[in-house]
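Architecture and fold: a report
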Amino acid sequence: MEYTVANARDTSGEARVIGELITGRDGNNYSPGGESWKCAFAPDESRFAWSCGFRKVVILPWNRYKNCLQSEHNADQEGYEVFAEKVSIDAGFPVTSLAFGTGTPEQDLVPVKREYWTRFDFSKDLILATGHSNGRIRIWDPYTGKLLLELTDHMKPVTDLAFAPDGSLRLVSASKDSTVKVWDMSDDGNMFKTLREHPGPVRSLCWSPDGKFLCSTGDKQKVLLWNMGTYSLIRRLSGHYNNVLSCAFSPDGAMLATASCDTRVIIWDTSSGEQLRILNHMNPTPGVIYMSGENNSVVRGVTFSPNGCHVASVCSDGFLRFWNLMSEEDEPESMGSALAGDSMLNCSFSPLGGAVSVGHTSGSVVFFLAPPMVPSLLHLSRMSVRRSLGDVTARDDLLLPQTLKPYLQYKQW
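Residues numbered from 1 in each chain as written. Predicted model: local features only at pLDDT ≥ 70, side-chain atom pairs only at ≥ 80, totals over all residues. Heavy atoms only, no water.

**Focus: the overall build of the chain**
Note the following rule: Put simply, DSSP H or I for four residues or longer makes a helix, DSSP E for two residues or longer makes a strand, and each gets a number counted from the N terminus. Here's how the labels work: a residue is buried when its accessible area is under 20% of the maximum for its type, exposed when over 50%, partly exposed in between, all with a 1.4 Å probe on protein chains only. Any two residues whose heavy atoms approach within 4.5 Å are treated as being in contact. Computed by Shrake-Rupley with a 1.4 Å probe, the accessible areas treat only the displayed protein chains as cover when residues are assessed.
On a plain count of helices and strands, the chain comes out with three helices and 33 strands. Here the chain, with 413 residues, has 56% of them falling under the buried criterion. Sequence-distant contacts in the chain: of pairs separated by 6 or more residues, those separated by 24 or more amount to 52%. Accessible surface for the chain amounts to roughly 17,200 Å². Of this, 49% is attributable to carbon and sulfur atoms.

**Here we look at the sheet that holds strand S15 (residues 158–163)**
Applicable threshold: Whether two strands pair comes down to DSSP finding at least two bridges between them. Axes here mean lines fitted to C-alpha atoms, for a helix over just the part in contact, with angles spanning 0 to 180 degrees between N-to-C directions.
Strands sit in the order S15-S16-S17-S18 across an open sheet of four strands; the sheet is antiparallel. Across the chains shown, the open sheet's two edge strands, defined by having one partner strand only, are S15 and strand S18 (190–195). The sheet shows a mean angle of 20° between the axes of neighbouring strands, taken without regard to direction. For strand S17 (residues 180–184) and S18, the ladder comprises five bridges, and the chain directions are antiparallel. Bridge assignment links Asp-184 to a residue of S18, and that residue is Asn-190.

**Regarding the sheet that holds strand S29 (residues 319–324)**
An order of S27-S28-S29-S30 is seen for the four strands of this open sheet, with the pairing classed as antiparallel. Here the strands that pair on one side only, and so sit at the sheet edges, are strand S27 (299–304) and strand S30 (332–337). Going across the sheet, the axis of each strand differs from the next one's by a mean of 20°, ignoring polarity. Of the pairings in the sheet, the one linking S29 to S30 comprises five bridges and is antiparallel in character. Across the sheet, the residue bridging to Phe-322 is Ser-334, located in S30.

**Comments concerning the packing of aromatic side chains**
Centre distance and the angle of the planes are the two values used to describe a pair of aromatic rings. Convention followed: Stacked, tilted and edge-to-face pairs are distinguished by plane angle, under 30 degrees for stacked and over 60 for edge-to-face with tilted covering the rest, among Phe, Tyr and Trp rings (Trp via its six-membered ring) whose centres lie within 6.5 Å.
Within this structure, the stated rule accounts for eight aromatic pairs. With a centroid separation of 5.0 Å and an interplanar angle of 85°, the aromatic rings of Phe-41 and Trp-62 are classed as edge-to-face. Remark: Trp-62 occurs in strand S7 (residues 56–63) and Phe-41 occurs in strand S5 (residues 39–41); sequence separation between them is 21 residues. Here Phe-41 and Trp-62 have matching classes, each one buried. Grouped by ring-pair contacts, the aromatic residues Phe-41, Phe-48, Trp-62 and Phe-367 constitute a single cluster.

**Looking at the pairing of strand S21 (residues 222–227)**
Across six bridges, the pairing between strand S20 (residues 213–218) and S21 is antiparallel. Following the sheet pairing, Leu-214 is matched in S21 by Trp-226. In textbook terms, the turn of a hairpin is the stretch between consecutive antiparallel strands, and for S20 and S21 this stretch comprises three residues, one of which, Lys-220, has a positive phi near 65°. Where S21 and strand S22 (residues 232–236) come together, four bridges link them in antiparallel fashion.

**Structural notes on helix H2 (residues 377–389)**
The periodicity of an α-helix, 3.6 residues per turn, causes residues three or four positions apart to be oriented the same way. Stated precisely, the cut-off is as follows: Multiplying one less than the number of residues by 1.5 Å gives the expected span of a helix. The arc in question is traced by the directions running from the helix axis to the C-beta atoms.
Under the 1.5 Å per step criterion, the end-to-end length of H2 is 18 Å for 13 residues, consistent within 8% with the ideal 18 Å. Of all the positions in H2, only His-379, Arg-382, Met-383 and Arg-386 are classed as buried. One side of H2 holds all its buried residues, which, seen down the axis, span an arc of 100°. Seen from the buried face of H2, the exposed residues on the opposite side, beyond 90 degrees, are Leu-377 and Ser-388. The positive-phi residue at the C-terminal boundary of H2 is Gly-390, with phi of around 75°.

**What about the environment of Ile-267?**
Tracing the chain through its elements places Ile-267 in strand S25 (residues 264–269). Relative accessible area serves as the criterion here: at 0%, Ile-267 is assigned to the buried category. The sequence separation of Ile-267 and Ala-248 amounts to 19 residues, and the corresponding C-alpha distance is 9.5 Å. Ignoring any residue separated from it by four or fewer positions in sequence, one finds Ile-267 in contact with Met-255, Leu-256, Ala-257, Glu-274, Gln-275, Leu-276, Arg-277, Leu-279, Val-311 and Leu-325.

**Points about the pairing of strand S10 (residues 87–90)**
The alternating pattern of S10 places Val-87 and Ile-89 on a buried face and Ser-88 and Asp-90 on a face that is not buried. In this sheet, S10 lies alongside S7 in antiparallel orientation, the contact comprising four bridges. In the strand pairing of S10, Val-57 is matched with Ile-89.

**Some points on the pattern of salt bridges**
Stated formally: Throughout this description, the term salt bridge denotes a Lys or Arg side-chain nitrogen within 4 Å of a carboxyl oxygen of Asp or Glu.
Evaluation of the coordinates by the stated rule reveals 12 salt bridges. Note that Arg-277 and Asp-330 form a salt bridge whose closest N and O atoms lie 2.7 Å from each other. Of the two residues, Arg-277 is situated in strand S26 (residues 275–280) and Asp-330 in the loop between S29 and S30; the sequence distance between them amounts to 53 residues. The exposure class assigned to Asp-330 is partly exposed, which follows from its relative accessible area of 31%. Salt-bridge contacts for Asp-317 lead to Arg-321; the nearest nitrogen and oxygen are separated by 2.7 Å. What you see here is one network of salt bridges that share partners, running through Arg-136, Arg-138 and Glu-150.

Here it is, written out as structure tokens:
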């Protein structure tokens with residue numbers, strides 16, 4: 001399998017493509033190399049992990065300043081840059097999910113160059129976890145590709161992984177065996193809690209930015225919120241009509257976005273469970289019977305921009321959509337298309353928000369330029385208040401003007 005970085009290609013009138021990682025080409029189409037079920041940026045944006053199909057994971061250095069992969073400027077005969085510096089991992093089993101973890105709280109991360117890795121030392125840089133089709137989870141050194149640990153407890157494929165952003169090295173895993181498991185990587189991967197409220201396969205997980213809450217989504221329209229201090233269920237969010245495949249918290253934790261097979265993304269108030277906005281991927285909006293069955297507009301992934309101004313989603317209709325939440329219109333601001341003869345599986349904003357990666361069924365990844373936006377001072381103040389104080393509108397010790405409360409609750413944009 002040949003790994004190359006394609007030059008940016010022009011997509012007039014659409015979201016701009018700034019790079020591609022491809023597994024192979026057949027004329028104008030991309031030959032299948034195995035699904036890229038998950039891709040991930042490191043929390044400090046120093047690396048990008050690419051699940052490029054079957055058992056292969058490639059870890060590439062990412063230039064956070066130039067907003068692109070770091071590569072040597074050597075081109076092949078067709079004009080494609082050949083990526084030289086990389087860590088390639090043969091994971092041993094088909095890879096179905098992956099995630100970076102760090103023992104440093106994400107808000108405290110700074111660029112650090114180290115040539116060694118100490119086993120589960122809190123001062124270390126990064127570790128990488130991969131989930132597999134046989135239910136196993138493997139922990140890797142992303143600098144050398146060395147296998148460090150293997151975790152075994154799931155009975156079916158691991159569908160998603162997520163490390164707590166607070167530096168506690170807690171890893172949560174979702175599986176088709178209907179469970180969510182919590183592992184303590186600072187205790188040599190001890191599995192100390194199993195969450196069992198899902199009646200069917202669990203599809204997606206995400207932590208709140210403060211590490212206090214977890215969202216899990218799955219089949220049978222399930223969206224569950226968990227208190228990760230007590231490991232107890234605190235809320236069920238009802239509103240989807242089909243399986244829920246992806247979820248993401250806003251940077252301040254005040255909102256939660258969920259993507260479903262019912263052609264929609266719903267944005268929720270995490271404090272009250274109220275639906276704030278519905279982003280429809282079909283126009284006109286189809287009926288409930290259509291949304292609850294098989295259709296051609298399955299929303300497979302959703303992600304929040306780091307400034308909270310945009311949501312990106314990928315759909316089985318072949319388009320990446322950018323939604324401007326600062327606008328009152330629930331229409332996509334810009335769109336990007338899938339590779340020819342391919343379809344999109346997942347999407348992720350880079351930690352600084354300059355790019356969005358989109359994994360494809362061929363194993364390839366396309367990087368899109370994120371829409372530029374300078375957040376208003378009012379919005380930044382709202383995010384700061386919600387991040388530090390939570391839902392201040394429910395507190396009796398704070399005297400707030402009534403006209404300010406809807407804005408703090410994201411009922412006004």
